[in-house]
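Observations on the model geometry
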Amino acid sequence: MTETTPKVLDAAPPVAARKPHSFTHHGVTIEDPYHWLRDPGYPEVTDQAVLAHLEAENAWFEARMKPLEPTVDMLLAEMRGRIKEADKSVPQKDGNWLYWIEYEEGAEYKKWWRRPVAGGPDQLILDEVALAEGKDYFRLGALSVSSDGRLLAWAVDDNGSERFTARIKVIATGEVLPDVIPGTLSALVWAACDKALVYSLANAQWRTDNARLHWLGTPVESDVELYHEDDEGFRVSAGLSANDEWLVIATGDHETSEVRLVPAADPLKAPLLVKARQTGVEYDVDLRGETLFIHTNDTHENFRLATAPLASPGEWTTLIEGTDEFYLTGFDLFRDFYVVEGRVRGLDRIEVRYYDDPARIEPIVFPEASYEASLGDNPEWAMDKLRISYESMTSPASVYDYHVGEQRLELLKTQEIPSGYDASLYETARLEVTARDGTAVPVSIVWRKGRPQNGPLYLYGYGAYGIAIGPGFSTTRLSLVDRGFAYAIAHIRGGDDLGRRWYKAGKLEQRTNTFNDFVDVAKGLIAEGFTEAGRIAIAGGSAGGELMGAVINSDPELWGAVAAHVPFVDVLATMLDEELPLTPGEWPEWGNPIEDKAAFELIRSYSPYDQVRAQAYPPMLVTAGLNDPRVTYWEPAKWVAKLRELKTDDNELLLKTNMGAGHGGKSGRFEGLRETAEEFAFILAQLGVPA
């Protein structure tokens, strides 16, 4: 084996070369012998030594997984058998049309359809199957029909880089207009009476620092920049108000935001600033007539809803007070009423409220004690019924219409599972486990009735960015649950499952609460008799992959198998590199170790790559995407290389890099399923559970 061309041997995994490299901050020098795995030409990866190493790891993955191919194929067949291959969504009215999406038998991608409300033939408006033909990767980013229903704008990423190319076509004829906008990373918003599109480009740092206006039929080089953001940590987005009258241009990072309004019919008019940014204050805005509605955390961390006159947009008057009990996550305006969404004690809550009677509050009541519920697609301003999405850990996804005047739910569709599903065979519970600092951490768990105590457990966690992981339904997890696993979701701090305070308690200087919560949940489930040490499979992706890295360093003996997907594990080096796409915008989440020595030391103390040491580690499956702009491929590659060097066990350690995909792995309905089947086959084998 040479230094630059690792090879897979019959009995040994590839070993990455060690090459001297170090960096110094705050008087501390960090040695990083695997730094060379970062191609200096990224996002183009052409370094032959780097590619050779990744290919060698992939070959090792294939060789080690080959004996499990029958299990993978069996699991894939099970998972695919639970999907209704020929399926379509419930049509929804938008103006003069009914819109829906449809999958054909065997198709990886969907087709977008519509038909006139007044009657007439179905129209195929976008065919993802045709667009994806011949491509290893395909992802539809944005799709937007003009207000007159004549034109369609859409954007596609065909390599996983999350840089989308936007195009426009005439729906009736299928004619694709010559307008092509490369490099978008945003919604596509119709403006100026459908004569123009508003969009955002990704800059060299993969950041949308702009809102731009494209007049149809003109060269993209002449597009007008409506707004430019100078703060390197902020990102810009654009959308329309609920009544379609205003263009809403927002900018912000993870803790601060600012909004400007422009008449949609006259997008070149000077923008109206709602309120100047104030560090730590987040807000979003919608309008009804001459009144602004503002959702903000300026007076309470769980947000309030305020109003302001359009003439004085910065003068905010409280409409709904912020409280410790109700975490107000968002709102939607309609002509005759408005809807607020939030959570009470971690449980989703949707309320219909009325402009003329603030005391009139109508919560939508759902049938189960634990569930996920949210507003679905409700595109019209004048609505008398609301599209609602609903599911639980034992109830497949359902679509309802909520008749507002009657306060009545009408079931329109329940997810069909062709191979069969009987909810009565399963049990679910929401438990609380006391963490080491006395905090009660919720856990959602599902298992098949009759499962013996101390059986295998699959424990999932994320715990970052204020993203809640709800107790939803999954057909894929049944392949584990039906084999005796309990499946648990740890609602750890860092997510906002229990409100904004829950999020804050897992970020910045309190980041280690996230890792401790996850470990303590595992120990609590052991104490409750759900499982035992060494019989727990754990999984997480991205920031959840960071979680995986932290807990295998701290408590390796607990875990029987680990799946770390596109894991954010080289935290210190990434947060020290302000040239990387995400870094400046991430400092409010993790801290800025460049300027803050305390942040440097804290991140260094938990960064999974930096804390790998000589000890036994559990069996691990790690995935990466060569084109991933969020967690760059070299983070998992370096981590696996260092683990191979230092770990003292003979447990399996596999790295699979998708050479033509990004952060989300392979695209398509069934290609993604195969990767899940590989993960589950790996877990079954490592825990010794019969397939």
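Figured I'd write up the structure that's included with this text.

Reading the values: the criteria
Residues numbered from 1 in each chain as written. Predicted model: local features only at pLDDT ≥ 70, side-chain atom pairs only at ≥ 80, totals over all residues. Heavy atoms only, no water. Helix = DSSP H or I, 4+ residues; strand = E, 2+ residues; numbered from the N terminus. Expected span 1.5 Å × (residues − 1). Buried < 20%, exposed > 50% of the residue type's maximum accessible area, 1.4 Å probe, protein only. Contact = heavy atoms within 4.5 Å. Polar contact = N/O pair within 3.5 Å; in protein donor to acceptor, adjacent residues only side chain to side chain. Phe/Tyr/Trp six-rings, centres within 6.5 Å; stacked < 30°, edge-to-face > 60°. Lys NZ or Arg CZ within 6 Å of the ring centre and 35° of its normal. 1 Å grid on protein atoms, 1.4 Å probe; cavity = no way out; pocket = protein on both sides within 12 Å on 5 of 7 lines; lining within 4 Å. Points joined across faces, edges and corners; volume = space filled by probe spheres on them. Nonpolar A, V, L, I, M, F, W, Y, C, P; charged D, E, K, R; others polar. Pairing = 2+ DSSP bridges. Core = buried A, V, L, I, M, F, W, Y, C linked by side-chain atoms within 4.5 Å.

A few points about helix H1 (residues 48–65)
- Its 18 residues give H1 an end-to-end C-alpha distance of 25 Å, which sits within 8% of 26 Å, the value for a rise of 1.5 Å per residue.
- Burial in H1 covers these residues: Ala-49, Val-50, Leu-51, His-53, Leu-54, Ala-56, Glu-57, Asn-58, Trp-60, Phe-61 and Met-65.
- For H1, the elements touching its buried residues are helix H2 (69–81), strand E38 (620–625), helix H11 (634–646), strand E39 (653–658) and helix H12 (669–687).
- At the N-terminal end of H1, a side-chain oxygen is found 2.9 Å from the backbone nitrogen of Ala-49, two or three residues along, and the residue is Asp-47.

Quick notes on the packing of aromatic side chains
- Counting across every chain of the model gives 24 aromatic pairs.
- The interplanar angle of 50 degrees and the centroid separation of 5.9 Å between the aromatic rings of Phe-293 and Tyr-338 together place this pair among those described as tilted. Remark: Tyr-338 occurs in strand E25 (residues 338–344) and Phe-293 occurs in strand E21 (residues 291–296); sequence separation between them is 45 residues.
- In this structure Phe-293 comes out as buried when scored by relative accessible area, which is 5%.
- Residue Tyr-338 is classed as buried on the basis of its relative accessible area of 2%.
- Linked through ring pairs, Phe-366, Tyr-371, Tyr-390 and Tyr-400 together constitute an aromatic cluster.
- The ring centre of Trp-502 lies 5.8 Å from the NZ or CZ of Arg-493, which sits over that ring.

Focus: empty space enclosed by the protein
- Inspection of every chain in the model, using the stated rule, returns three cavities of 30 Å³ or more.
- Considering the residues around the largest cavity, the lining is formed by Phe-61, His-565, Leu-621, Thr-623, Lys-656, Glu-675, Glu-678 and Glu-679.
- For the lining of the largest cavity, the elements supplying multiple residues, two or more each, are E38 and H12.
- In terms of residue count, H12 provides more of the lining of the largest cavity than any other element does, three residues in total.
- Considered class by class, the residues forming the lining of the largest cavity number two nonpolar, two polar and four charged.

Topic: the pairing of strand E20 (residues 283–288)
- Here E20 pairs with E21 via six bridges, running antiparallel. Counterpart to Leu-287 in the pairing with E21 is Leu-292.
- A loop of two residues connects E20 with E21, the two strands running antiparallel in sequence, and Gly-289 in this loop sits at a positive phi of about 60 degrees.

Considerations on H11
- Under the 1.5 Å per step criterion, the end-to-end length of H11 is 18 Å for 13 residues, consistent within 8% with the ideal 18 Å.
- The buried count for H11 comes to eleven of 13 residues, which makes it a mostly enclosed element.
- All buried positions along H11 are accounted for by Trp-634, Glu-635, Pro-636, Ala-637, Lys-638, Trp-639, Val-640, Ala-641, Lys-642, Leu-643 and Arg-644.

Description of the nonpolar core
- Counting 77 residues, the largest nonpolar core has Leu-459, Phe-518, Leu-525, Ile-538, Trp-559 and Trp-639 as its most contacted members.
- Formed by 34 residues, the second largest nonpolar core is a distinct cluster that contains Leu-75, Ile-489, Leu-654 and Leu-687.

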